[in-house]
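An overview of the molecular structure
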Amino acid sequence: MAEAKIIARNLTKRYGTYTAVEGLNLTVHAGEIFGLLGPNGAGKTTSIEMMEGIRRPDAGTCTICGFDSITQSAGVRERIGLTLQAASMPETARVSELLELYASLYPNPARPGDLLQQFNLVEKARSTAKSLSGGQRQRLSLALALVGRPEVLFLDEPTTGLDPQARHSLWDVIRGLKAEGRAVIMSTHYMEEAEKLCDRVAIMDHGKILAEGTPRELVREFGPEAAIEIDVTGFPVNMAEIAQLSAVTGVQTEDHLLVLRTANTAASLMAFAGYAQANHIPLGELRTRSATMEDVFMALTGRRLRD
Amino acid sequence: MRTLNNLKLMTLHEFRAIMRNKIAFFFNLAIPVVLVVIFGSMWGNGESGSDVLDFMMAGQLVYMLLSAGLMTVAIALASQRQNGSLRHLFTTPLSMGVWFGAQMLANIAMATLQIVVIFVVGHLLFGVHAPLNIPATAVVLFISSLACLSMGLAIGALVKSAEAAFPISMILFFSIAMFGNVMMPIDGAPPFILAVQKWMPSYFMTEALGKVMMRGEGLLNAAGEVSMLLGLMVVCGSVAIWRIRKQMTVA
Ligand SMILES: Nc1ncnc2c1ncn2[C@@H]1O[C@H](COP(=O)(O)OP(=O)(O)OP(=O)(O)O)[C@@H](O)[C@H]1O
Ligand SMILES: [Mg+2]
């Protein structure tokens, strides 16, 4: 097993009587992309900032490359790179000036010119930060996070607001970091991102980690059933009856969709077809799918996490 | 070596930020120059005139330093706090010492520019005279500039939001300038105002400048005022550093 780079133990943060994060434990190894998946207000940013040492926990500790986040912050700061969730750049500074300034802060920095190239910012080198588009800003903030050649990266929703193409190209960058043996922890509320990019995912809600594992393990453990989705707009259905159909393990309506969870897709499909015929329900919009992270999230929280 | 390079780049960064701030440029350089031109045209200076402008130079200089230090710095710092850029900067190995040093150097660079511009304009147009004791004047001006900077940093670090920084620093700037004899003499004012005046940082600055710049006295004669300014610098600077340190790790 690769070296553990981030070890968070029992991190807890309270605001008055409200507990934003409770007893958070996680370990991230070198060469691993760890995803914190959760809805708005789940406590992702609070958790990440406690690990970074820029938010003081009420309980618990975190060590980064063997340095305590709070008491040995100098050692930590030399070894981490991070993007904050909110805008966080000096707006009147130019792209190349910022990269050079940040490079001067680290013992063994990457070359600003190389980063411009890598992040496709060469043409923007002389532009001010405030004149960049959302995607260019995200790229610049990632470039700034990388300029110190950090062993550990904390990325707080690095792809939020990006178009799919920009998101995928950022995924490639992040995969590159993993290949170089760095530890990456990132927050997201995109299911697809958690599933495709992250090696391990922790699902957070209300300040707690509800489940943790590889996307595959989570799906296997918490979303074992496949699902059948039928558009039943305008047709009354009897949920109790449907729940009795062969191999059906659960029924829900989501918006206008009827969702059947099933242990046996073929059997349930046949049974539902019969029910539909008897009740004059057209089977226009019908599809089946195997379980996804979305189902896992649903199973754990009872809610959907929309992109 | 790394620290020095870092200090250099950080100073450049801060100085560029000041120079690219158009509103600040207007307050810090344009207004004082225009004022000198207006006063110069009204009263003239030199052989024919009564050296009025020479007398006004001290006030103009203090105005400039207050504007660049107190007002510009307070607003800039408050907005860097608000948009998270300061917080991000301090997640790197940047040390507070380098950061503070860069603030001082950038501010001194700005002050130097202001001082040179105002004297050159004053001299070329109206024959304003050079300070009588140039080294002592330079020392007083630089210490004044640092005192203004520290006040600005303290305000910028204490205010709740960037929006609040503007009115608060503006009010402080004008009161300090008014009560400190900078804008106009207030010798005839009621006694309580005169009492307040004696405690204004701007008063120490104009008094000290009067001594070394106008009357050519030595620095020692202005030691009282200069130590008050140094004291102010240390107090405000410490408050600023203490606050910023605290804010970098959000409780
Ligand atoms: N400084 C603060 N004071 C009071 N409450 C706070 C503070 N910071 C965060 N919270 C609360 O803690 C909870 C977790 O916030 P956090 O920012 O960690 O969520 P998040 O998972 O990052 O959400 P998002 O996806 O919206 O970024 C929220 O309910 C938030 O309102
Ligand atoms: Mg967040």
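Residues numbered from 1 in each chain as written. Chains lettered and ligands numbered in written order. Predicted model: local features only at pLDDT ≥ 70, side-chain atom pairs only at ≥ 80, totals over all residues. Heavy atoms only, no water.

This next bit is on a nonpolar patch on the surface. Nonpolar side chains collect at one region of the surface, where B:Val37, B:Val116, B:Val120, B:Leu124 and B:Leu125 lie side by side and expose about 440 Å² of accessible area between them. Relative accessible area serves as the criterion here: at 47%, B:Val116 is assigned to the partly exposed category. (Patch = residues over 30% accessible without salt bridge, like charges linked within 9 Å, V, L, I, M, F, W, Y side chains within 5 Å. Areas by Shrake-Rupley, 256 points an atom, 1.4 Å probe, with all protein chains shown as cover. Salt bridge = Lys/Arg side-chain N within 4 Å of Asp/Glu carboxyl O. Buried < 20%, exposed > 50% of the residue type's maximum accessible area, 1.4 Å probe, protein only.)

Glancing now at the domain arrangement of chain A. Size of an interface: often given as the accessible area lost when the parts come together. Looking at chain A, the domain boundaries give domain 1 (4-220) and domain 2 (224-290). The centre of domain 1 of chain A, based on its C-alpha atoms, is set 41 Å off from the matching centre of domain 2 of chain A. (Domains from an automatic or database assignment.)

Summarising the metal site, the magnesium ion (ligand 2) is bound by the protein donors A:Thr45 (OG1) and A:Gln85 (OE1), whose distances to it range over 1.9 to 2.1 Å. Here A:Thr45, found in helix α1 (residues 44-52), pairs with A:Gln85, found in the loop between β6 (80-83) and α3 (95-103); they are 40 residues apart in sequence, far enough to count as distant. (Donors = N, O, S within 2.8 Å, 3.2 Å for Na, K, Ca; no water. Helix = DSSP H or I, 4+ residues; strand = E, 2+ residues; numbered from the N terminus.)

In this section: the environment of A:Ala8. Relative to the helices and strands, A:Ala8 resides in strand β1 (residues 4-15). Setting aside anything within four residues of it in sequence, one finds A:Ala8 in contact with A:Leu24, A:Asn25, A:Leu26, A:Met51, A:Thr61 and A:Cys62. (Contact = heavy atoms within 4.5 Å.)

This next bit is on the sheet that holds strand β9 (residues 200-205) of chain A. Residues and elements named next belong to chain A. Reading across from one edge, β6-β7-β8-β3-β9-β10 is the order of the 6 strands in this open sheet, with mixed pairing throughout. Among the strands making up the open sheet, the edge pair consists of β6 and β10 (208-213). The average angle at which neighbouring strand axes cross in this sheet is 15°, direction not considered. Of the strands in this sheet, β9 and β10 are in contact with helix α8 (residues 215-222), which crosses β10 at around 110°. (Pairing = 2+ DSSP bridges. Axes fitted to C-alpha atoms, helices over the stretch in contact; angles between N-to-C directions.)

In this section: the sheet that holds strand β5 (residues 67-68) of chain A. Residue and element names in this part refer to chain A. Pairing in this open sheet of 4 strands is antiparallel, and the strands run β2-β1-β4-β5 from one edge to the other. Two strands close off the open sheet at either side, each with one partner strand: β2 (18-29) and β5. Strands in contact with α1 are β1, β2 and β4 (59-64); relative to β1, the strand with the most contacts, it is inclined by about 120°.

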